[in-house]
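Report on the structure
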Amino acid sequence: MSIIENCLNILSHVVDHRIPYEVASRSIGKDRDIIYALCHGVLNNWPKHTVLLSQLINKPLKSKNKDVERLIRLGLFQIDDPKRPIPIVIDELVGFCRKSWAKPLINACLRRFSREQLNLAEQVRKKESFYLNHMPWFIDETRQSLTESWESVLLALAQEPKLIIRVNQLAIDRDDLREIWKKAGVVAKPYTHDSSYLILDKQIKPNDLFGYEQGLFYVQNPACHHLVEHLQYEDCQSILEIGAFPGGKTTDLLESHPSIKYWVSIDQSKQRYGRF
């Protein structure tokens, strides 16, 4: 399969069937990094590009033409964040389209966007789904829940997230791992002075980092550690954890208290528990 075809297949699985990206992309062989960047670019900008599509297309495309819409979305992202010459990107997407009637539409939409990008953005800049880059239902629910800070929270959520990892300090010292990564050109800063968490200074796939396969670190929300800090555990006590997946609290607590001898973890999903 070509890169474009793989992207369309993954987007269909994720958007139409609610299948996680990691599952939908398992069969991808080569060009994984490119496909990852394109799919995540389309998905992360879905609300914003939905608003732009309403400016570029007179009426929404029918559900049977989702592939055409997603080809346009792939183009919008690559024009928004150009890594390659825009004319080549447009020609590839138009050339890939199997529906002859849609080729002029894709070509016209993307060439207009490349010419009028700033003007189109100005026309819709006050639309919440555009400048916040979230779906309308999510904006409404957040506004109702956080009456004062809802907008700042949504703006923060739309930012590119930092990669935060927890070092398995039973296997390696935190600063030793930082030094190994530094020699490879990867800078990681401590999340807090005394924690086992690190924040990476740039986006990088975790499995490209030294120590991933060896279990020297985990991608993990540092909120898990707050529970460990506040849990007044004493030796010889047993632990019961309900809702254990994906295992962040479990591994953090076990590494912080290696003397724990009896642990029961429960999760409602057999599929998730198998992965856990």
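Residues numbered from 1 in each chain as written. Predicted model: local features only at pLDDT ≥ 70, side-chain atom pairs only at ≥ 80, totals over all residues. Heavy atoms only, no water.

Following both chains from N to C, one finds helix H4 (residues 46-56) and helix H5 (residues 66-80) inclined at 110 degrees, their axes separated by 11 Å at the closest point. Relative to H5, the element H4 is oriented roughly perpendicular. Contacts between H4 and H5 involve Trp46, Lys48, His49, Thr50, Leu53 and Leu56 on the former and, on the latter, Glu69, Arg70, Ile72, Arg73, Leu76, Phe77 and Asp80. Residue composition of the contact of H4 with H5, by class: six nonpolar, two polar and five charged. (Axes fitted to C-alpha atoms, helices over the stretch in contact; angles between N-to-C directions. Helix = DSSP H or I, 4+ residues; strand = E, 2+ residues; numbered from the N terminus. Parallel < 35°, antiparallel > 145°, perpendicular 65-115°, else oblique. Contact = heavy atoms within 4.5 Å. Nonpolar A, V, L, I, M, F, W, Y, C, P; charged D, E, K, R; others polar.)

Further remarks concern the nonpolar core. Within the largest apolar cluster, 40 residues are counted, with the highest numbers of intra-cluster contacts made by Ile10, Leu71, Ile72, Leu74, Ile106 and Leu110. In this structure Ile106 touches Val68, Leu71, Ile72, Val94 and Cys97, once residues within four positions along its chain are discounted. Judged by nonpolar contacts, the second largest core, of 13 residues, contains Leu177, Ala188, Leu209 and Leu216. (Core = buried A, V, L, I, M, F, W, Y, C linked by side-chain atoms within 4.5 Å. Buried < 20%, exposed > 50% of the residue type's maximum accessible area, 1.4 Å probe, protein only.)

It is worth spelling out the pattern of salt bridges at this point. A side chain with one charge can pair with a side chain of the opposite charge if their charged atoms come near. Enumeration according to the criterion identifies 14 salt bridges in this entry. Across the pair Asp80 and Lys48 runs a salt bridge, and its minimum N-O distance is 3.5 Å. One end of the pair, Asp80, is in helix H5; the other, Lys48, is in helix H4, with 32 residues separating them in the sequence. With relative accessibility at 29%, the residue Asp80 sits in the partly exposed group. A salt bridge links Glu69 to Arg73, with the nearest nitrogen and oxygen atoms 2.8 Å apart. Placement of the pair is Glu69 and Arg73 together in helix H5, with a separation of four residues, close to one helical turn. Under the relative-accessibility criterion, Arg73 is labelled buried at 2%. A single salt-bridge network, built from bridges that share partners, covers Asp16, Lys66 and Arg70. (Salt bridge = Lys/Arg side-chain N within 4 Å of Asp/Glu carboxyl O.)

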